[in-house]
Amino acid sequence: MKNSILLLKTLLLSTSQLNIYKHTNDAKKRKRIVSGFIGAAIIYAMIMSYSVSMCIGYGKYGMIGSVPVLCALTVSVLSFVFTLLRTNGYLFNFKEYDMLMSLPFEAKTVAGCKFLYMYIKSLPWYISISLAMLIGYASFARPSVLVYPIWIVLSLILPIIPMLASALIGFLIARISAGFRKMNIVQTVLTVAFVIFCFSLRYIIEGMFKNDKVEETLQSAAKITGSAARYYPPALWFSNAITKLSAIEILLLLCVSIALFCLVFLIVGRSYRNINSALKSHAAAKRYRMEGQKERSVVNAIAFKEFKRMTGSTTYTVNGAMGEILAFLLGVVTLIFGFDKIVATVTNNAPFDPAILQPAIPFIVYFFVGMVSTTVMSPSLEGKNYWIMQSLPIEKKTVYQGKMLFNMYLTVPFMLFATVCICISAKVPIVNTALNCVLGVVLCAFSTAWGCVCGVRHIRLDWENEVEVIKQGSAVTVYMFPNLFAVMGLCVLTVFLGTKIDHIIITLLFILIASVLAALSYKRVMKLSK
């Protein structure tokens, strides 16, 4: 345990943004860290507000006693899902593996240290939810003073058991699929399903309030959480520790968490080296037979390499392709239910003609497809392999052209599919549909080139985990937020112009503007490559 704590302390110091802020002289890096802290504070404030609001709803309908169980289950589910998504990258196949394994520590010690590191990194999410629910619970239940320290201490323990279960599942998946990178499709599918559920949650909540079913829904939720606690003992132990001040349940939660931690990493430690070694190598099929090799241009070869890089990473796949998946679903749903019905649902049956939205169709699809460009993160993802890329007899502009080509391969088919589906459902004339498709392709070109500008200008190669680049990189922030607000503004502008000018003229005008912006962005990338 002492060795794990020593490793953990060193790892936290080396990756702590606060520690970097204290010692770095790079003004840009300091600004990026401050921006990250401000963004995180806003997100935590939103999560806490939502959690407190939920508790207020339970309190007003006389069901405040269900809040401790709800808190335990919410934290447990989130910790299970987050750990499942982060196992590959935190526990396995991480950047500093070779360095850590060369130190005189057992494999289980390194594995335990990485688990604790992942736990501490995720802890602010769980604590923000738990503390917010404590505030909501205390405002209605008026509990004993002892409840406050017990709730806070047990909130630190609650995530451990579900994280261990998720880590064990991730270990088993890695053990079975070691060397077969396509097995990460399971993680990808689960993540995509979880994100789609989060997107649809807004309409579920809205329908609940619209139909005055709040009390009925909360009562059903209370029954479900009560039943779930019977099948998940830690949630019941937490609830009894809070409501009954049961010392037995407090000890059970503490002792079982510690015992499971020791047991899981005793099992993981035996195969830890083998799994990481297999994940860092490539497996060959037993019936492999040498055949003629396909000849590709350098640019196409780089694009294919980027495709392999994406399919080998769940985090990259989900964040880089989520917009395309949502665009595909939008096209299918629009064909099934009809454009008019979708518009009526989104606008709450506002009294206007859906035909005025026809010029905005390419921008509506681009809102999803252009959400994040792979070119924003792909330059930074080279990481420690960047020196290999520099040593190759390939110009930088060729490398960036290959990365941009891959993003076009990825985005254009989804853009065309969704645009055609929506145009068919909205009964858009053929000429307008063709022009909408052209505008969609030009917007993809702009997204690709502008994303590459952001990716090269804000390249970061010193990351410890790819999540820092894919989700938390300054390049992603610089690209995403201005692009997001600009698209929403353009949707409003095209709808307004559609009431004054012919739709074909509007589309041609935006094709010209987007083409110029794409060309200027591409020229900027070529200049930066020098």
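Above: the structure in question.
These figures come from a predicted structure and were not determined experimentally. (Residues numbered from 1 in each chain as written. Predicted model: local features only at pLDDT ≥ 70, side-chain atom pairs only at ≥ 80, totals over all residues. Heavy atoms only, no water.)

A. Broad picture of the overall build of the protein chain. Scanning the protein chain from N- to C-terminus turns up 23 helices and zero strands. Looking at the protein chain as a whole, 47% of its 530 residues are labelled buried. Long-range contacts, defined as pairs at least 24 residues apart, comprise 84% of the intrachain contacts of the protein chain with a sequence gap of at least 6. Accessible surface for the protein chain amounts to roughly 27500 Å². Of this, 69% is attributable to carbon and sulfur atoms. (Helix = DSSP H or I, 4+ residues; strand = E, 2+ residues; numbered from the N terminus. Buried < 20%, exposed > 50% of the residue type's maximum accessible area, 1.4 Å probe, protein only. Contact = heavy atoms within 4.5 Å. Areas by Shrake-Rupley, 256 points an atom, 1.4 Å probe, with all protein chains shown as cover.)

B. Structural detail: the nonpolar core. In this structure, Val67, Phe115, Met133, Trp151, Phe238 and Phe265 are the most contacted members of the largest nonpolar core, which totals 62 residues. If you tally residues by element for this core, the top one is helix 6 (residues 107-141), at 16 residues. Residues contacting Met133, with those up to four places away along its chain left out, are Ser51, Met54, Cys55, Val67, Leu70, Cys71, Thr74 and Trp151. Counting residues in each nonpolar core, the second largest holds 42 residues, with Val365, Tyr479, Val495 and Ile506 among its members. (Core = buried A, V, L, I, M, F, W, Y, C linked by side-chain atoms within 4.5 Å.)

C. Quick look at unusual backbone geometry. Although it is not a glycine, Arg142 adopts a positive phi angle of roughly 50 degrees. Note on placement: Arg142 falls in the loop between helix 6 and helix 7 (147-157). Even without being a glycine, Lys427 presents a positive backbone phi close to 60 degrees.

D. The arrangement of the pattern of salt bridges in detail. Taken as a whole and judged by the stated rule, the model has two salt bridges. With its nearest N and O atoms 3.8 Å apart, the salt bridge here joins Glu395 to Lys397. Take Glu395: its relative accessible area is 48%, and that puts it in the partly exposed class. Classification of Lys397 as partly exposed rests on a relative accessible area of 37%. (Salt bridge = Lys/Arg side-chain N within 4 Å of Asp/Glu carboxyl O.)

E. Highlighting a nonpolar patch on the surface. Among the surface-exposed residues, Val333, Leu335, Ile336, Phe337, Val420 and Ile424 lie close enough to one another that they form a single nonpolar patch of about 540 Å² accessible area. The greatest single-element share of the nonpolar patch, amounting to four residues, is contributed by helix 14 (residues 314-337). For Ile424, a relative accessible area of 54% translates into the label exposed. (Patch = residues over 30% accessible without salt bridge, like charges linked within 9 Å, V, L, I, M, F, W, Y side chains within 5 Å.)

F. Quick peek at the side chain of Ser447. Within the secondary structure, Ser447 is located in helix 20 (residues 430-457). A distance of 2.7 Å separates polar atoms of two side chains, one belonging to Ser447 and the other to Tyr479. (Polar contact = N/O pair within 3.5 Å; in protein donor to acceptor, adjacent residues only side chain to side chain.)

G. Geometry of the packing of helix 20 against helix 23 (residues 503-528). As a packed pair, helix 20 and helix 23 sit with axes 8 Å apart at the nearest point and diverge in direction by 25 degrees. As far as their axial angle goes, helix 23 and helix 20 are roughly parallel. The handedness of the crossing between helix 20 and helix 23 comes out as left-handed. Among the residues forming the contact of helix 20 with helix 23, the class breakdown is 23 nonpolar, six polar and two charged. (Axes fitted to C-alpha atoms, helices over the stretch in contact; angles between N-to-C directions. Parallel < 35°, antiparallel > 145°, perpendicular 65-115°, else oblique. Left-handed = near helix turned anticlockwise from the far one by under 90°. Nonpolar A, V, L, I, M, F, W, Y, C, P; charged D, E, K, R; others polar.)

H. Broad picture of the packing of aromatic side chains. Scanning the model with the defined rule gives eight aromatic pairs in all. Members of the aromatic cluster, joined through ring pairs, are Tyr137, Trp151 and Phe238. In this structure, Arg30 is placed above the aromatic ring of Tyr21, and the distance from its NZ or CZ to the ring centre is 4.1 Å. (Phe/Tyr/Trp six-rings, centres within 6.5 Å; stacked < 30°, edge-to-face > 60°. Lys NZ or Arg CZ within 6 Å of the ring centre and 35° of its normal.)

I. Main features of a positive patch on the surface. A contiguous patch of positive charge on the surface is contributed by Lys28, Lys31, Arg457, Lys523, Arg524, Lys527 and Lys530. Listing elements by their share of the positive patch, those giving two or more residues are helix 3 (27-60) and helix 23. Tracing the backbone through its elements, the reader meets Arg524 in helix 23. Using a relative accessible area of 30% as the deciding quantity, one classes Arg524 as partly exposed. (Lys, Arg positive; Asp, Glu negative; His and termini not counted. Charge placed at Lys NZ, Arg CZ, Asp CG, Glu CD.)

J. Quick look at the side chain of Ser246. Here Ser246 shows up in the loop between helix 11 (233-243) and helix 12 (247-279). Given the relative accessible area of 15%, Ser246 is considered buried. Apart from residues lying up to four places away in sequence, Ser246 is in contact with Asn240 and Ala241.

K. Region of interest: helix 16 (residues 361-369). Counting buried residues in helix 16 gives seven out of nine residues, a clear majority hidden from the surface. Three or more residues of helix 16 are buried, namely Ile361, Pro362, Phe363, Val365, Tyr366, Phe368 and Val369.

L. Representation of the environment of Val332 within the structure. Among the secondary structure elements, Val332 is positioned in helix 14. Along the chain, Val332 and Ala418 lie 86 residues apart, while their C-alpha atoms are 7.7 Å from each other.

M. Spatial organisation of the environment of Ala475. With respect to the helices and strands, the residue Ala475 is situated in helix 22 (residues 474-498). Each C-alpha atom, one on Ala475 and one on Ser380, is 9.1 Å from the other, the two residues being 95 residues apart in sequence. Beyond its immediate stretch of four places on either side in the chain, Ala475 contacts Val376, Cys454, Gly455 and His458.

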